[in-house]
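# A structural walkthrough
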Amino acid sequence: MNPLDISKTYLVTGGAGFIGFHLSKRLLEQGAEVIGFDNLNDYYDVSLKKDRLAILKKYKHYTFIKGDLADKGDVFRLFQEYSPHIVVNLGAQAGVRYSIDNPDAYMQSNMMGFFHILEGCRYFPVEHLVYASSSSVYGGNEKIPFSTEDKVDEPVSLYAATKKSNEMMAHAYSRLYRIPVTGLRFFTVYGPFGRPDMAYFKFTKKILEDEPIQIYNHGDMYRDFTYIDDIVKGVEAVLCNPPEENAKGTRAKLYNIGNHRSEKLTDFIEVLERHLGKTAIKEFLPMQPGDVYQTYADISELMQDFDFKPDTPIEEGIRKFVEWYREYYKK
């Protein structure tokens, strides 16, 4: 396994996003050159994105470009001007429930945007394209843990459908143009500087403000919560290790990247309450459209190929998040 090569230029789309910020910071700390690309949309609080960028801009090897993945001209200018060796496509419209009300945003960013990245990698050849997929592609699969060998043909949200489509598009481009591509199916990533639209973040805000939290499926849900530092370690290990060509002439690989354990939502909330020092006012509701009952990652391939070992327990991860939240929001 090759270590991170700091002589390379890394393009990180979604560079002002949660995972994009933490990955960029990690690469910059080691001396790599990072180009961040983001449209800074207002799906959630833009000031949080700007504060992440303010931290990254302190590094001399960081360049930020504001642009839109859905604009092919923006994407091609990016490739032409900076000639990235390795592309990490984390830019996408996130959120399962939002996709029910705003499907256009997902078609533009997740479908057209990813198509433009693939075209960029085709016309301005790169050494490796690593892209974000999602545990949501498993839909209502009942076999656990979820394996990349499982069928994922029945998505329960448009968001999931776009992510499955990205995997198929990447496979086709790899086969047609010999582009080395690795897809990572992320499982419920959490931690400092996280996304305010995610449940743990919203729970924290509401608990501290004495507002009721909405708990779907009456709390009978399970998630493979993965701390951001573990995610970054996994992504970093993959970057300089593009897949070899297989027997079918394709250089494409898919991995799950998660914590490899499934926590009950109510247990997760108890940990959060303990670290906040407050009891939540709970409002139990039925399952929401597009939600899945359980996520649980089989990460054996990532462990085998990259010695990936997530080692942040929920107690520690939530403690670190709560400490950050209280400091950031002065709560």
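Coordinates for the structure precede this section.
Bear in mind the structure is a predicted one, so any value in this text is a computation, not a measurement.

Scoring rules and cut-offs
- Residues numbered from 1 in each chain as written.
- Predicted model: local features only at pLDDT ≥ 70, side-chain atom pairs only at ≥ 80, totals over all residues.
- Heavy atoms only, no water.
- Helix = DSSP H or I, 4+ residues; strand = E, 2+ residues; numbered from the N terminus.
- Rg over C-alpha atoms; globule rule 2.2 N^0.38 Å.
- Buried < 20%, exposed > 50% of the residue type's maximum accessible area, 1.4 Å probe, protein only.
- Contact = heavy atoms within 4.5 Å.
- Areas by Shrake-Rupley, 256 points an atom, 1.4 Å probe, with all protein chains shown as cover.
- Lys, Arg positive; Asp, Glu negative; His and termini not counted.
- Charge placed at Lys NZ, Arg CZ, Asp CG, Glu CD.
- Axes fitted to C-alpha atoms, helices over the stretch in contact; angles between N-to-C directions.
- Parallel < 35°, antiparallel > 145°, perpendicular 65-115°, else oblique.
- Left-handed = near helix turned anticlockwise from the far one by under 90°.
- Nonpolar A, V, L, I, M, F, W, Y, C, P; charged D, E, K, R; others polar.
- Pairing = 2+ DSSP bridges.
- Expected span 1.5 Å × (residues − 1).
- Polar contact = N/O pair within 3.5 Å; in protein donor to acceptor, adjacent residues only side chain to side chain.
- Bend = angle between axes of the 7 residues up to and from the residue.
- Salt bridge = Lys/Arg side-chain N within 4 Å of Asp/Glu carboxyl O.
- Core = buried A, V, L, I, M, F, W, Y, C linked by side-chain atoms within 4.5 Å.

Our next topic: the overall build of the protein. Broken down by element type, the protein carries 11 helices and 13 strands. A compact globule built from 331 residues should have a C-alpha radius of gyration of about 20 Å, and the protein, at 19 Å, falls within 12% of that. By residue count, 53% of the 331 residues in the protein fall in the buried class. For the protein, long-range pairs separated by at least 24 residues make up 84% of all intrachain contacts whose partners lie at least 6 apart in sequence. In the structure as shown, the protein presents an accessible area of about 14500 Å², 50% of it carried by carbon and sulfur atoms. Put simply, the protein has 41 plus and 47 minus side-chain charges, and the middle of one group is 2 Å from the middle of the other.

The interhelical angle for the contact between helix α7 (residues 199-208) and helix α11 (residues 314-329), taken along N-to-C directions, is 60 degrees, at an axis separation of 12 Å. Put simply, α7 runs oblique to α11. In the crossing of α7 with α11, the sense of the turn from one axis to the other is right-handed. Packed against α7, whose contacting residues are Y200, F201, T204, K205 and L208, the element α11 presents F321, W324, Y325, R326 and Y329 at the interface. Looking at the contact of α7 with α11, its residues break down into 7 nonpolar, 1 polar and 2 charged.

Here we take up the side chain of S135. Structurally, the position occupied by S135 is in the loop between β5 (128-134) and α6 (158-177). The buried category is assigned to S135, whose relative accessible area is 9%. Not counting residues within four places of it along the chain, the set of residues in contact with S135 comprises R185, F186, F187 and T295.

On to the sheet that holds strand β3 (residues 62-66). The strand order across the open sheet formed by 7 strands is β3-β2-β1-β4-β5-β6-β11, and the pairing between neighbours is parallel. In the strand order of this sheet, the two ends are held by β3 and β11 (252-257), each with one partner. Here the strands of the sheet are splayed against their neighbours by 20 degrees on average, with no regard to which way each runs. Both β5 and strand β6 (residues 181-186) contribute to a ladder of 6 bridges, which runs parallel. Bridge pairing in β6 links S133 to R185.

The end-to-end C-alpha distance of helix α9 (residues 265-276), which contains 12 residues, comes to 16 Å, matching closely the 16 Å that a straight helix rising 1.5 Å per residue would cover. Of the positions making up α9, those classed as buried are L265, F268, I269, V271, L272, E273 and L276. Summarising the contacts, the buried residues of α9 are in contact with α7, β8 (212-216), β12 (263-264), β13 (281-285) and α11. Of the residues trailing α9, G277 is marked for its positive phi of about 70 degrees.

Following both chains from N to C, one finds helix α5 (residues 103-123) and α6 inclined at 15 degrees, their axes separated by 10 Å at the closest point. By the criterion of interaxial angle, the relationship of α5 to α6 is roughly parallel. Crossing of α5 over α6 shows right-handed handedness. In this structure, α5 uses P103, Y106, M107, N110, M111, F114, F115, L118, E119 and R122 to contact α6, whose residues at the interface are L158, Y159, T162, S165, N166, M169, A170, Y173 and Y177. Residues of the contact of α5 with α6, tallied by class, amount to 13 nonpolar, 4 polar and 2 charged.

So, on to the side chain of Q294. With respect to the helices and strands, Q294 occurs in the loop between β13 and α10 (300-306). Of the polar contacts made by the side chain of Q294, one reaches the side chain of S262; its length is 3.4 Å. Those residues in contact with Q294, other than ones at most four positions away along the chain, are I144, F146, Y222, R223 and S262.

Here the focus is α5. Taking 1.5 Å per residue as the helical rise, α5 with its 21 residues ought to reach 30 Å, and the 29 Å between its terminal C-alpha atoms agrees with that figure. Of all bends in α5, the biggest is about 25 degrees, found at G113. Taken residue by residue, α5 has Y106, S109, N110, M111, G113, F114, H116, I117, L118, E119, G120 and C121 as its buried positions.

A few words on the pattern of salt bridges. All chains considered together, the criterion is met by 24 salt bridges. Residues participating in the shared-partner salt-bridge network are D5, K8 and E127.

Within the largest apolar cluster, 74 residues are counted, with the highest numbers of intra-cluster contacts made by F186, V235 and L239. Looking at this core element by element, the count peaks at 7 residues for helix α8 (residues 228-239). When sequence neighbours within four positions are dropped, the list of residues in contact with F186 reads I19, L90, A132, S133, S134, S135, I231, V235 and I257. Membership of the second largest hydrophobic core comes to 19 residues, among which are V75, L78, V126 and Y131.

Keep in mind these numbers describe shape, not what the thing actually does.
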